[in-house]
Amino acid sequence: MNVWSAQGAPREKLLQNGAASLSDDELLAIFLRTGVSGVHVLDFARQLLKEFGSLYGLISADYVRFCDVRGLGLAKYSQLQASVELSRRFLGHQLAKECSINNPQITRRYLQSLLTQRDREIFIVMFLNNQNRVLYHKEMFTGTLNSVEVHPREIVREALKSNAAAVILAHNHPSGMAEPSEADRYVTEKVREACSLLDIQVLDHIVIGRGEYVSFAERGWI
């Protein structure tokens, strides 16, 4: 049996077709590099995904549970969390250089990296210039497991401080379901009304779940 060939297959696939072509277990196998005694790295990756339920479950697991699994440990935990943070920072720098309207997927991916693992509702506002480039983002409000209180006047005040021409609203649903509630739609309209008084555009409101999202702009609600 050519073990190196079997282990190298995901890497070859990545080099030929790009990282997006790999399955979750193949991506995880590349990260792990080796399996455990008697278990090939790809099989080990599949075992881990089953153990934690998903790639999200593995990444969001606390270090005690993570390190309790044979073949993992504090070093792997640190490496995985560092990889996640590298990805988040890369997306942040990419977002600063791109027009949010022309590349909404970058905005969504960045917001997912910020909000997916949070265990309570967080309301984030992105402040943009008149070319729709992100100046910065700010966690404006923090709530509970299933609600967050939003104050439109605070958003307007922050936008004026930064001389922002537009904003993108975002918050998460820790339950995992991204479908907006009536309260979400009501808050969005109130923020729009407050911003319109000073000619500040609300470009979108993105609700982040686990592995899913809803964009108010895509639904035609903005």
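Bear in mind that the values here come from a model prediction, so they are computed numbers and not experimental data. (Residues numbered from 1 in each chain as written. Predicted model: local features only at pLDDT ≥ 70, side-chain atom pairs only at ≥ 80, totals over all residues. Heavy atoms only, no water.)

In this section: the overall build of the chain. Across its full length, the chain holds nine helices and five strands. Along the chain, from the amino end to the carboxyl end, the secondary structure elements read α-α-α-α-α-α-α-β-β-α-β-α-β-β. Overall, the chain is about 70 × 35 × 30 Å in size when its C-alpha atoms are taken along their principal axes. Looking at the chain as a whole, 44% of its 222 residues qualify as buried. A fraction of 56% describes how many contacts in the chain between residues 6 or more apart in sequence connect residues 24 or more apart. As displayed, the chain has an accessible area near 12,500 Å², and 49% of this comes from carbon and sulfur atoms. (Helix = DSSP H or I, 4+ residues; strand = E, 2+ residues; numbered from the N terminus. Buried < 20%, exposed > 50% of the residue type's maximum accessible area, 1.4 Å probe, protein only. Contact = heavy atoms within 4.5 Å. Areas by Shrake-Rupley, 256 points an atom, 1.4 Å probe, with all protein chains shown as cover.)

Below, the discussion takes up a nonpolar patch on the surface. Taken together, Tyr63, Val64 and Leu74 make up a surface patch of nonpolar side chains, about 330 Å² in accessible area. What makes Val64 exposed here is its relative accessible area of 55%. (Patch = residues over 30% accessible without salt bridge, like charges linked within 9 Å, V, L, I, M, F, W, Y side chains within 5 Å. Salt bridge = Lys/Arg side-chain N within 4 Å of Asp/Glu carboxyl O.)

Attention now moves to helix α7 (residues 104–115). Its twelve residues place the ends of α7 16 Å apart at the C-alpha level, agreeing with the 16 Å of an ideal helix rising 1.5 Å per residue. Taken as a whole, α7 has its buried residues at Ile106, Thr107, Tyr110, Leu111, Gln112, Ser113, Leu114 and Leu115. (Expected span 1.5 Å × (residues − 1).)

For the chain, the mean per-residue pLDDT works out to 88, and 93% of the residues sit at or above 70. Between residues 1–7, whose pLDDT stays under 50, and residues either more than four places distant or in other chains, the model counts seven contacts. (pLDDT = per-residue confidence, 0-100.)

Here we come to the nonpolar core. If you look at soluble globular proteins, the nonpolar side chains tend to sit buried side by side. Core analysis: the biggest nonpolar cluster contains 21 residues, and Leu28, Leu32, Leu48, Phe52 and Leu72 have the highest contact counts within it. The set of elements that each furnish at least two residues to this core consists of α2 (24–32), α3 (41–52), α4 (55–60) and α6 (74–97). With seven residues, the single largest contributor to this core is α3. Setting aside chain neighbours within four positions, we find Leu32 in contact with Val41, Phe44, Ala45, Leu48, Leu72 and Lys76. Judged by nonpolar contacts, the second largest core, of 19 residues, contains Met140, Ala159, Cys195 and Ile200. (Core = buried A, V, L, I, M, F, W, Y, C linked by side-chain atoms within 4.5 Å.)

All right, on to the domain arrangement of the chain then. Here the domain parsing of the chain yields domain 1 (10–72) and domain 2 (100–219). One C-alpha centre belongs to domain 1, the other to domain 2, and the line joining them spans 32 Å. (Domains from an automatic or database assignment.)

A few words now on the packing of aromatic side chains. Tallied over the full model, the rule gives six aromatic pairs. Consider the rings of Phe66 and Tyr77, whose centres lie 5.4 Å apart with planes at 65°: the pair is edge-to-face. Residue Phe66 is found in helix α5 (residues 63–67), and its partner Tyr77 is found in helix α6; the two are separated by eleven residues along the sequence. The buried category is assigned to Phe66, whose relative accessible area is 1%. A cation over a ring is seen here: Arg185 above Trp221, with NZ or CZ 3.8 Å from the ring centre. (Phe/Tyr/Trp six-rings, centres within 6.5 Å; stacked < 30°, edge-to-face > 60°. Lys NZ or Arg CZ within 6 Å of the ring centre and 35° of its normal.)

Before going further, it helps to examine unusual backbone geometry. The backbone of Arg33 sits at a positive phi, close to 75°, despite the residue not being glycine. Here Arg33 lies in the loop between α2 and α3. The phi dihedral of Asp199 falls on the positive side, at around 60°, and the residue is not glycine. Within the secondary structure layout, Asp199 lies in the loop between α9 (182–196) and β4 (201–208). Residue Asp199 is classed as exposed on the basis of its relative accessible area, which comes to 69%.

Moving on, we get to the pairing of strand β2 (residues 134–142). Side-chain positions along a regular strand alternate between the two faces of the sheet. As paired strands, strand β1 (residues 122–128) and β2 are joined by seven bridges and run antiparallel to one another. Looking across to β2, one finds that Ile122 is bridged to Thr142. Hairpin connection between β1 and β2: a loop of five residues separates the two successive antiparallel strands, and Asn132 in this loop has a positive phi of roughly 60°. (Pairing = 2+ DSSP bridges.)

Looking now at the pairing of β4. Here β4 lies mainly inside the structure; seven of its eight residues are buried. Of the pairings in the sheet, the one linking strand β3 (residues 166–172) to β4 comprises seven bridges and is parallel in character. In the strand pairing of β4, Ala166 is matched with Gln201. Regarding the hand of the β-α-β motif, the stretch spanning β3, α9 and β4 is right-handed. With three bridges joining them, β4 and strand β5 (residues 213–215) adopt antiparallel strand pairing. Its bridge partner lying in β5, Val207 is registered against Val214. Here β4 hands over to β5 after four residues, with Gly211 in that stretch at a positive phi of 75°. (Right-handed = clockwise from strand over helix to strand, strands pointing away.)

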